[in-house]
Amino acid sequence: MTASHISAPRRFPDGFMWGTATAAYQIEGAVAEDGRTPSIWDTFSHHSGRVTNGDTGDIACDHYHRYEEDLDLLAELGVSAYRFSIAWPRIRPDVTGLANERGLDFYKRLIAGLHDRNITPLPTMYHWDLPQSLEDVGGWTNRDTAYRFADYAATVLERLDGIGKWTTFNEPWTSAWLGYAYGHHAPGREDIGAGASATHHLLLAHGLGVEASRAIRPEVEIGLTLNLGTLRSGTNEQVDRDATWRADGNQNRIWLDPLFRGSYPADMVDLYSAYPPGFSVVQDGDMATISSPIDFLGVNFYGPGTVMGEGREREARMAGYNVGPRPESDAINSLGTIGVSTPGRPVTAMDWEIDASGLRELLVRIKDEYTDIPLYITENGAAFADYIGTDGAVRDPQRIRYLDQHLDACLGALEDGVNLKGYFIWSLLDNFEWGFGYSRRFGIVWIDYDTGRRIPKSSFHWYRGITANNELPELSTALQARY
Ligand code: FCB
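Residues numbered from 1 in each chain as written. Predicted model: local features only at pLDDT ≥ 70, side-chain atom pairs only at ≥ 80, totals over all residues. Heavy atoms only, no water.

## Remarks on the packing of helix α14 (residues 357-369) against helix α15 (residues 397-415)
Closest axis-to-axis distance for the α14/α15 pair is 8 Å, and the angle between their directions is 30°. The pairing of α14 with α15 is recorded here as roughly parallel in orientation. The two elements α14 and α15 cross, and the hand of that crossing is right-handed. Together, L359, R360 and L363 of α14 and H406, A409, C410, G412, A413 and E415 of α15 make up the contact between the two elements. Within the contact of α14 with α15, the residues separate by chemical class into five nonpolar, two polar and two charged. (Axes fitted to C-alpha atoms, helices over the stretch in contact; angles between N-to-C directions. Helix = DSSP H or I, 4+ residues; strand = E, 2+ residues; numbered from the N terminus. Parallel < 35°, antiparallel > 145°, perpendicular 65-115°, else oblique. Left-handed = near helix turned anticlockwise from the far one by under 90°. Contact = heavy atoms within 4.5 Å. Nonpolar A, V, L, I, M, F, W, Y, C, P; charged D, E, K, R; others polar.)

This is the structure:
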């Protein structure tokens, strides 16, 4: 028996949902068409100077015009589901005014095209493109934005048919903390107190969205997607373990506790009380709204992190770690942590550590500590330095290896009794990777940004085998040995 036959292909449960994911601003382009108004990402990409190469989403993958071609790619890929997001500024461009029919029409065509191809739509209501007019009056630091979101949620629930599962938010952590506290994402604010109040208003908006869904479409399932982390302490010393627990509070417990236990973790409320308004924005009744039961939870996972206490750089180096550059913003030190990494460990082009054991660990923790509702991996994937070969093909064995390891971790989690129902690769297409612009490619389809041409990469063909057979094939030993 050769090494490549050590284990048989491993099967996923019948009905396991296979998909890929995208988001409106990252792929659509057509930013000024059919009544769309600017979002905070239009403003940020054009004016902040913080996006690599000054890239913007003005054209992106031109999906708004090429969506039929992209739907055909999905059909060829054999996925059973497609996760995409709806652009709020296309639907309620004037926020308080009437719904924009031309914006709704685009998503109606997209949803109909999915149904024609037997693909389940999994739309997200909010993937970071807040209408700029709402940011002008405080954005997510303003409680009123949560009510404006509820209006928008009601509009899409009422007007878009044929959806069995809705997701309210994608990664509210990223909106609140990268957007309002650390300044890396739109709207680019650097204010810890704003990060905390945005956290609460995003969660409140989610809860209002769930209530709207129950009232308007009691038959549909509703959930949200979080980017939870597996955070490991760099040493066993108390100071590093405490720091790791604080980082865990900000990334995991501050979301999971209110959603599944109805309250914020006391240590986080305490920590952010030093940064007004912090969690003083919470009002009576909010926690009941936020903890309205949901039907499923989406989890985005890219890699685990290792944490130590602030000021422990010397100890970190002595323990053999690399220490990242000091954050430019003092804001980041509100948690009193530093991020460290192990030299020589494989990383992606984002410099994110590759370690699929973190995914299995995370899924088991959610089950053990919080909830047994169905879980979906709504994003998992990797950026690598892909290129077109002389024969015109794009070969991405590293991505295949990464995806294989994470699907293996999903099988492990299933063995551990995790209620995992589906998996979505980020992303169908190379696209606008936020602060990194077009400099990072996550797609299983290559985009030629000059011509819009799409070239399925080898990972696309590999994934097609998985969706067809519902099992993870053994990778060739050559590929395993190299990556
Ligand atoms: C996630 C985002 C997604 C994409 C991936 C790489 O945080 O939800 O839009 O940018 O990271």
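The rest of the description comes next.
## Some points on the site of the ligand
Neighbouring the ligand are Q26, H127, W128, N170, E171, N300, Y302, E379, W426, E433, W434 and F442. Contact distances for the ligand include 3.0 Å between an oxygen atom and a side-chain N or O atom of N170. The separation between an oxygen atom of the ligand and a polar side-chain atom of E379 is 2.9 Å. Relative to its unbound accessible surface of 290 Å², the ligand loses 94% to contact with the protein. (Near = heavy atom within 4 Å. Polar contact = N/O pair within 3.5 Å; in protein donor to acceptor, adjacent residues only side chain to side chain. Areas by Shrake-Rupley, 256 points an atom, 1.4 Å probe, with all protein chains shown as cover.)

## Details of the environment of N118
With respect to the element layout, N118 can be found in the loop between α5 (101-116) and β4 (120-126). With relative accessibility at 69%, the residue N118 sits in the exposed group. For the pair N118 and A81, spaced 37 residues apart in sequence, the C-alpha to C-alpha distance is 8.5 Å. (Buried < 20%, exposed > 50% of the residue type's maximum accessible area, 1.4 Å probe, protein only.)

## A word on unusual backbone geometry
In most cases, non-glycine residues show a negative phi, while peptide bonds are predominantly trans. Here the residue pair P276 and P277 is connected by a cis peptide bond, since its omega of 0° sits within 30 degrees of zero. By the element assignment, P277 lies in the loop between α11 (266-272) and α12 (286-290). Cis geometry is found at the peptide bond from W426 to S427, where omega equals 10°. Residue placement: S427 occurs in the loop between β13 (420-426) and β14 (445-447). Positive phi, close to 45°, is recorded for W434, a residue that is not glycine. Tracing the sequence through the fold places W434 in the loop between β13 and β14. Judged by relative accessible area, which is 4%, W434 ranks as buried. A positive phi angle is found at N470, which is not glycine, with a value near 60°. For N470, the location among the structural elements is in the loop between α16 (458-469) and β16 (471-472).

## Description of helix α8 (residues 172-181)
Side chains that are three or four residues apart share a direction in an α-helix, a result of its 3.6 residues per turn. Most of α8 sits inside the fold, with 10 of its 10 residues counted as buried. All of the buried residues along α8 are P172, W173, T174, S175, A176, W177, L178, G179, Y180 and A181. Of the residues flanking the end of α8, it is G183, one or two places downstream, whose phi is positive at about 75°.

## Considerations on the sheet that holds strand β5 (residues 165-170)
Strand order in the closed barrel formed by eight strands is β2-β3-β4-β5-β6-β8-β12-β13, with parallel pairing between adjacent strands. Mean inter-strand twist for the sheet, computed between neighbouring axes without regard to direction, equals 25°. In this structure, strand β12 (residues 375-380) lies alongside β13, joined through four bridges in parallel fashion. When the sheet's bridge partners are listed, I377 is paired in β13 with Y423. Packing of helix α10 (residues 238-261) onto the sheet brings it into contact with β6 (221-226) and β8 (296-300), and relative to β6 it is tilted by some 160°. (Pairing = 2+ DSSP bridges.)

## Side note on the pattern of salt bridges
Enumeration over the complete set of coordinates arrives at 42 salt bridges. Here D404 ties to R401 by a salt bridge, and the two come within 3.5 Å at their closest N and O atoms. A residue pair is termed a helical-turn pair when its members lie 3 or 4 positions apart in one helix, as D404 and R401 do in helix α15 at three residues. Given a relative accessible area of 10%, D404 falls into the buried group. R401 sits in the buried class, given a relative accessible area of 14%. Via salt bridges that share partners, D386, D396, R399, D430, R441 and K457 belong to a single interconnected network. (Salt bridge = Lys/Arg side-chain N within 4 Å of Asp/Glu carboxyl O.)

## Let's talk about the packing of aromatic side chains
Counting across every chain of the model gives 38 aromatic pairs. Seen in terms of ring centroids, Y67 and F106 are 5.5 Å apart; in terms of plane orientation they differ by 85°. Their pairing is edge-to-face. Residue Y67 is located in helix α3 (residues 63-77), and its partner F106 is located in helix α5; the two are separated by 39 residues in the primary sequence. Of the two residues, Y67 and F106, neither departs from the other in class, the shared state being buried. (Phe/Tyr/Trp six-rings, centres within 6.5 Å; stacked < 30°, edge-to-face > 60°.)

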